[in-house]
Amino acid sequence: MTNLELPEALARRAREFTGTPVPPRPAATVALLHPETLEVYVLRRRTTMAFAGGMYAFPGGGVAADDRPETLRTDWAARLGVPDEQAHAVVGAAARELFEEAGVLLAGRADEPDHTVGNVGGDDWEDERARVVARQLNLSEVLARRGLRLRDDLLLPWARWITPEFEPRRFDTWFFVALLPAGQEARDVSGEADRTEWIRPADADELTMLPPTRVLLHELSAYERADEVVAASAHRNAAAPVMPRVELAEDGGVTLTISRNDP
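Read on for an overview of the structure. (Residues numbered from 1 in each chain as written. Predicted model: local features only at pLDDT ≥ 70, side-chain atom pairs only at ≥ 80, totals over all residues. Heavy atoms only, no water.)

What follows covers the overall build of the protein chain. Looking only at helices and strands, the protein chain has seven helices and twelve strands in total. For the protein chain, whose C-alpha radius of gyration is 18 Å, the value lies close to the compact-globule estimate of 18 Å for 263 residues. For the protein chain, the spread of C-alpha atoms along the principal axes amounts to about 60 × 40 × 35 Å. A separation of at least 24 residues holds for 72% of the contacts in the protein chain among residues at least 6 apart in sequence. When the accessible surface of the protein chain is split by element, carbon and sulfur atoms take 48% of a total near 12400 Å². In the protein chain, which carries 30 positive and 44 negative side-chain charges, the distance between the mean positions of the two groups comes to 3 Å. (Helix = DSSP H or I, 4+ residues; strand = E, 2+ residues; numbered from the N terminus. Rg over C-alpha atoms; globule rule 2.2 N^0.38 Å. Contact = heavy atoms within 4.5 Å. Areas by Shrake-Rupley, 256 points an atom, 1.4 Å probe, with all protein chains shown as cover. Lys, Arg positive; Asp, Glu negative; His and termini not counted. Charge placed at Lys NZ, Arg CZ, Asp CG, Glu CD.)

Here is the structure:
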């Protein structure tokens, strides 16, 4: 069990909250890990963003209606704790958001099981990425046109968090970890961010971020090699959600009590 103090803006909303919580919306986010340095790619949401404005986060967002990819893995429902159709939608959202917000694509040639695409930063790729962002194409259509398939086996499910009830925008978010594919570069292409950078997980305390992001980075700081992270992901519980419990102190302070799903 972990207790975290809330930033003042969040603490104020928690103290003032009354009424009925809004239903959480399904979402997915991806901690992109550099396989050699074990640095993690983060972006700072613009202060104008309604959710997590001014805070560092991983590429991610809400599940869209057309996030329905064909997957290689057949156990996503069990790994994510939801029916098969919803599980595939969450996986599709994770891959799409990573492509939209960081220009990183987890895909490979359909006729080569172990192949992963390299550089996807050319003008033709950028045009298609922009069309995915604008919902003129979906990611499955992009892959089919190029004879590619989603490498969802490269998405490592890590955790599931539900936004506390006091927030006006709530998400049921699955957190994944993925290694940066060889030949690709994460790019500052998100229109929702004013800064992007690679950070060491141990340096997360220096940045402003929401508790799930901070906790995940703290957990990643325990590993020294990429293969250790991959191995650990097989034992993570991304099916049972974590929903932090708000504790209001007499002096006005607010903390979140977090019960972990994993050792």
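On to the packing of helix α3 (residues 84–102) against helix α4 (residues 123–133), then. Across the interface, α3 lies against α4 with an axial gap of 9 Å and an inter-helix angle of 120°. As the angle between them shows, α3 and α4 are arranged oblique. Remark: the crossing between α3 and α4 carries left-handed chirality. In contact with Arg96, Phe99 and Glu100 of α3, α4 contributes Trp125, Arg129, Val132 and Val133. Grouping the amino acids of the contact of α3 with α4 by side-chain chemistry returns four nonpolar, no polar and three charged. (Axes fitted to C-alpha atoms, helices over the stretch in contact; angles between N-to-C directions. Parallel < 35°, antiparallel > 145°, perpendicular 65-115°, else oblique. Left-handed = near helix turned anticlockwise from the far one by under 90°. Nonpolar A, V, L, I, M, F, W, Y, C, P; charged D, E, K, R; others polar.)

Where empty space is left in the structure can be found by rolling a water-sized probe over the atoms. Considering all chains together, one arrives at two cavities of 30 Å³ or more under this definition. Roughly 60 Å³ of internal volume is contained in the second largest cavity. Taken together, the elements giving at least two residues each to the lining of the second largest cavity come down to α3 and α5 (139–145). Here the lining of the second largest cavity gets three residues from one element, more than from any other, and that element is α5. (1 Å grid on protein atoms, 1.4 Å probe; cavity = no way out; pocket = protein on both sides within 12 Å on 5 of 7 lines; lining within 4 Å. Points joined across faces, edges and corners; volume = space filled by probe spheres on them.)

Buried residues dominate strand β12 (residues 254–258), accounting for four of its five residues. Bridge analysis of strand β11 (residues 245–248) against β12 gives four bridges, and the strand direction is antiparallel. Counterpart to Arg245 in the pairing with β12 is Thr257. (Buried < 20%, exposed > 50% of the residue type's maximum accessible area, 1.4 Å probe, protein only. Pairing = 2+ DSSP bridges.)

Per the stated rule, a full pass over the model turns up 22 salt bridges. Residue Asp124 pairs with Arg146 through a salt bridge whose shortest N-O separation is 3.3 Å. Here Arg146 lies in the loop between α5 and β7 (148–150) and Asp124 lies in helix α4, a separation of 22 residues in the sequence. Between Glu128 and Arg145 there is a salt bridge, with its nearest N and O atoms 3.3 Å apart. Taken together, the positions of Glu128 in helix α4 and Arg145 in helix α5 put the pair 17 residues apart, joining distant regions of the chain. Taken together, the shared-partner salt bridges in this structure form one network comprising Asp67, Arg96, Glu97, Glu100 and Arg135. (Salt bridge = Lys/Arg side-chain N within 4 Å of Asp/Glu carboxyl O.)

Looking at the element boundaries, Leu217 is found in helix α6 (residues 211–220). Taking C-alpha positions, Leu217 is 6.7 Å from Ala204, a pair spaced 13 residues apart along the chain. Other than its neighbours up to four places away in sequence, Leu217 contacts Val40, Phe58, Ile199, Pro201, Ala204 and Met209.

Moving on, we come to the environment of Arg45. The topology assignment puts Arg45 in strand β3 (residues 40–45). Overall, the relative accessible area of 6% leaves Arg45 in the buried class. For the pair Arg45 and Trp76, spaced 31 residues apart in sequence, the C-alpha to C-alpha distance is 29 Å. Within the structure, Arg45 has its side chain in polar contact with the backbone oxygen of Gly60 (distance 3.3 Å). (Polar contact = N/O pair within 3.5 Å; in protein donor to acceptor, adjacent residues only side chain to side chain.)

So, about the packing of aromatic side chains. Enumeration according to the criterion identifies four aromatic pairs in this entry. A centroid spacing of 6.3 Å and a plane angle of 85° characterise the contact between Phe99 and Trp125, whose relative ring orientation is edge-to-face. Taken as a pair, Phe99 in helix α3 and Trp125 in helix α4 lie far apart in primary sequence, 26 residues in all. Their ring planes at 85° and their centres at 6.2 Å tell us that Trp158 and Tyr223 sit as a pair that is edge-to-face. Of this pair, Trp158 sits in strand β8 (residues 156–162) while Tyr223 sits in the loop between α6 and α7 (226–233); the two residues are 65 residues apart in sequence, bridging distant segments of the chain. A residue is classified by how much of its surface remains accessible, and Trp158, at 0% relative accessible area, is buried. Sitting over the face of the ring of Trp76, Arg73 holds its NZ or CZ atom 4.8 Å from the ring centroid. Positioned above the aromatic ring of Trp125, the side-chain terminus of Arg146 is 3.6 Å from the ring centre. (Phe/Tyr/Trp six-rings, centres within 6.5 Å; stacked < 30°, edge-to-face > 60°. Lys NZ or Arg CZ within 6 Å of the ring centre and 35° of its normal.)

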